[in-house]
Amino acid sequence: MAEVPFENETQKSNTYAGWRNLQVTHHPLHSPSNPPSAGRQNLINVFWHEGMLRHETGGGVFDSGEDPGFLDVLEKHPENADRVRNMVSILKRGPISPFISWHKGRPALVSELLSFHTQEYINELVEADRNGDYIICPGTFLNPGSWDAALLAAGTTLSAMKHILDGQGEISYALVRPPGHHAQPTRADGYCFLNNAGLAIQLALSSDIKKVVVLDIDVHYGNGTAEGFYCSDRVLAISLHMNHGSWGPSHPQKGTVDELGEREGFGYNLNIPLPNGTGDKGYEYAMNELVISAIEKFEPEIMVLVIGQDSSAFDPNGRQCLTMEGYRKIGSIVRGMANKYCNGRILIVQEDPIAHYPEDESFAVLAVESMKKYHQEFVPFLK
């Protein structure tokens, strides 16, 4: 992108405000009405390890991994490394980089996985990795390098949570892949092997944290996380998702409003299936009318925001219409609730990132205005 000349610091600041729209794609927690400022508590602590890029999901027809034999160009799998590479580059090289504190992730120990997953399921994954290429369930491939990446995703998320629990920062962002919110205690599902958010929540519960809210805004139902805490009254699991229902044996949960939890957990699993095509106003209405009141009555001590940007209007994997402004609004609400009940403590866990970055009008406006002035000064017939 060509550099745009700035006449003064105000114009430069306005340009940076435009960049913050990109920030919302990853972190809708700082916005013009909630700007970052100096100080440890206002930094976003990003936990990342490049080893997660070695999870290869292949190509084919959509997420099938199959080559029908008559296509010259196969599609990349919807969950691929390039999406995350773009997110890392924006956070590292964009103007929001001064607000980012980088931390290196680490692999989880197998013993740490047993707080959420069963030993039998972990043994299955270890054996699959030992045997090489393996289709865990439709669209979900454990290829060479995938298991190591999954361990890195889980361990990196645990490190991000521990950073908060140790009082080293308020906002941690686990920028991880493969994603995790579909992984149930006993099975993989929807590109997910290990439930990163679920493991982090268990770590919080094993410390002095009594109650956790997990809010999932991925376009698909966070069924694995819900399943893991379905009988618990210590975790309020809220999922705003496209009304897609069950998609097969690996995903038996429907995500309907009547899946409320069981035993002690009855009423602590709140599904909010939104009609296909729901956008900014619909999500904001759901947040205001359903999410805020539930969180206020639950009074959590820490919030976990499970964020997939496939609920964006620009993503081909979903049918929802959130824009940057919608993500910003959700983030502003979450930040306000965390400040009110959780001493500002928020763990953000990445799920499916956006496939295509939307247009940011502010860049074009500044560039056009700059060129307009140039033309008026140097193009004779325009004077």
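Caption draft 1: A look at the overall build of the protein chain. The secondary structure content of the protein chain amounts to 10 helices and 12 strands. Out of the 383 residues belonging to the protein chain, those deemed buried represent 54%. Summarising the internal contacts of the protein chain: among those between residues at least 6 apart in sequence, 76% fall at separations of at least 24. Of the roughly 16,800 Å² that the protein chain leaves accessible, carbon and sulfur atoms contribute 53%.

Caption draft 2: The pattern of salt bridges, seen in detail. Applying the stated criterion across every chain, the model contains 10 salt bridges. The partner of Glu79 in a salt bridge is Arg177, and the shortest N-O contact between them spans 2.8 Å. With Glu79 in the loop between β3 (75–76) and α2 (81–93) and Arg177 in the loop between β7 (171–174) and α6 (196–205), the pair connects residues that are 98 residues apart, well separated along the chain. Close ionic contact of Asp166 with Lys162 constitutes a salt bridge, the shortest N to O distance being 2.6 Å. Exposure remark for Lys162: the relative accessible area of 46% places this residue in the partly exposed category. One salt-bridge network, in which partners are shared between bridges, spans Lys76, Asp82 and Arg85.

Caption draft 3: Representation of the nonpolar core. Counting residues in hydrophobic clusters, the biggest one holds 87 residues, and the most contacted among them are Leu194, Leu240 and Val304. When residues of this core are assigned to their parent elements, the largest contribution, 10 residues, is made by helix α5 (residues 146–165). Here Leu194 is in contact with Leu113, His117, Ile122, Leu125, Trp147, Ala150, Leu151, Ala154, Pro179, Gly180 and Ala183, once residues within four sequence places are set aside.

Caption draft 4: Spatial organisation of the side chain of His55. The topology assignment puts His55 in the loop between β1 (44–48) and β2 (59–60). Separated by 2.7 Å, the side chains of His55 and Ser146 make a polar contact. Setting aside its immediate chain neighbours within four residues, His55 contacts Glu79, Phe141, Gly145, Ser146, Ala149, Arg177, Pro178 and Phe193.

Caption draft 5: Inspection of a nonpolar patch on the surface at higher detail. There is a patch of nonpolar side chains on the surface, built from Val61, Phe62, Phe70, Leu71 and Leu74 and spanning about 460 Å² of accessible area. On the secondary structure map, Val61 appears in the loop between β2 and β3. For Val61, a relative accessible area of 39% gives the class partly exposed.

Caption draft 6: The packing of α5 against α6, seen in detail. Running from amino to carboxyl end, α5 crosses α6 at an angle of 35°, the nearest separation of the two axes being 9 Å. The way α5 lies across α6 gives a crossing that is right-handed. Between α5, through Ala153, Ala154, Thr157, Leu158, Met161, Lys162 and Leu165, and α6, the contact on the second element is made entirely by Asn196, Ala197, Leu199, Ala200, Ile201, Leu203 and Ala204. Across the contact of α5 with α6, the residue classes tally to 11 nonpolar, two polar and one charged.

Caption draft 7: A look at empty space enclosed by the protein. A complete count under the given rule lists three cavities of 30 Å³ or more for this structure. Lining the largest cavity, in full, are Val214, Asp216, Tyr221, Gly222, Thr225, Ala226, Ala237, Ile238, Ser239, Asn269, Leu270 and Asn271. Elements that contribute at least two residues to the lining of the largest cavity include exactly β8 (212–216), α7 (223–228), β9 (235–242) and β10 (269–274). In terms of residue class, the lining of the largest cavity is made up of six nonpolar, five polar and one charged.

Caption draft 8: Broad picture of the layout of surface pockets. Within this model, the largest pocket holds a volume of roughly 320 Å³. Around the largest pocket sit 19 residues that line it, and Phe62, Asp63, Tyr191, His220 and Trp247 are the ones nearest its centre. Taken together, the residues of the lining of the largest pocket sort by class into seven nonpolar, eight polar and four charged.

Caption draft 9: Quick peek at α6. Of all 10 residues in α6, eight are buried; the element is thus mostly enclosed. All of the buried residues in α6 are Asn196, Ala197, Gly198, Leu199, Ala200, Ile201, Ala204 and Leu205.

Here is what the cut-offs are and how they apply
- Residues numbered from 1 in each chain as written.
- Predicted model: local features only at pLDDT ≥ 70, side-chain atom pairs only at ≥ 80, totals over all residues.
- Heavy atoms only, no water.
- Helix = DSSP H or I, 4+ residues; strand = E, 2+ residues; numbered from the N terminus.
- Buried < 20%, exposed > 50% of the residue type's maximum accessible area, 1.4 Å probe, protein only.
- Contact = heavy atoms within 4.5 Å.
- Areas by Shrake-Rupley, 256 points an atom, 1.4 Å probe, with all protein chains shown as cover.
- Salt bridge = Lys/Arg side-chain N within 4 Å of Asp/Glu carboxyl O.
- Core = buried A, V, L, I, M, F, W, Y, C linked by side-chain atoms within 4.5 Å.
- Polar contact = N/O pair within 3.5 Å; in protein donor to acceptor, adjacent residues only side chain to side chain.
- Patch = residues over 30% accessible without salt bridge, like charges linked within 9 Å, V, L, I, M, F, W, Y side chains within 5 Å.
- Axes fitted to C-alpha atoms, helices over the stretch in contact; angles between N-to-C directions.
- Left-handed = near helix turned anticlockwise from the far one by under 90°.
- Nonpolar A, V, L, I, M, F, W, Y, C, P; charged D, E, K, R; others polar.
- 1 Å grid on protein atoms, 1.4 Å probe; cavity = no way out; pocket = protein on both sides within 12 Å on 5 of 7 lines; lining within 4 Å.
- Points joined across faces, edges and corners; volume = space filled by probe spheres on them.

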